[in-house]
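# Secondary and tertiary structure notes
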Amino acid sequence: MENWLLTSIVLSLGLTLALNLLPRLFPKATRNAENKLHERMEQAFEQSASSNGRSQPNEPAGSGVKIFFPWKTMLIGSIALTALLNLGAVLFR
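The structure displayed is predicted, hence computed values, not measured ones.

Scoring rules and cut-offs
- Residues numbered from 1 in each chain as written.
- Predicted model: local features only at pLDDT ≥ 70, side-chain atom pairs only at ≥ 80, totals over all residues.
- Heavy atoms only, no water.
- Helix = DSSP H or I, 4+ residues; strand = E, 2+ residues; numbered from the N terminus.
- Buried < 20%, exposed > 50% of the residue type's maximum accessible area, 1.4 Å probe, protein only.
- Contact = heavy atoms within 4.5 Å.
- Expected span 1.5 Å × (residues − 1).
- Arc of directions from axis to C-beta.

Turning to the side chain of Thr82, a few remarks are in order. Of note, Thr82 is situated in helix H3 (residues 71-91). Overall, Thr82 belongs to the buried group, its relative accessible area being 12%. When near neighbours in sequence (up to four residues on either side) are disregarded, Thr82 contacts Leu5, Ser8, Ile9 and Ser12.

This is the structure in structure tokens:
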């Protein structure tokens, strides 16, 4: 069981790091994906607003909103949850 726990923790760390480092390795692809996501969100908002009869606010495209993503906290939380789940599996078997 110890080997599975170590494997689980390593995979959890690897996945978390990969999801945080890949956008930095491919900034152009990340920017394109972000732009597409924003376009889809604007379309959904427009459809929702038009179906509700509301008017659209005039916002410039690319308003520059920054999103804070606590990757260090996610990494620590991921390790802690992995350890807790594996401990629970061992104790309640």
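There's more to say after this.
Right, let's talk about H3 for a bit. Its 21 residues give H3 an end-to-end C-alpha distance of 30 Å, which sits within 8% of 30 Å, the value for a rise of 1.5 Å per residue. Residues of H3 that are buried: Leu75, Ser78, Thr82 and Asn86. For H3, the buried positions fall inside an angular range of 60° around the axis, keeping them on one side. Exposed residues on H3 whose side chains face more than 90 degrees from its buried face are Lys72, Thr73, Ile76, Leu81, Leu84 and Leu91.

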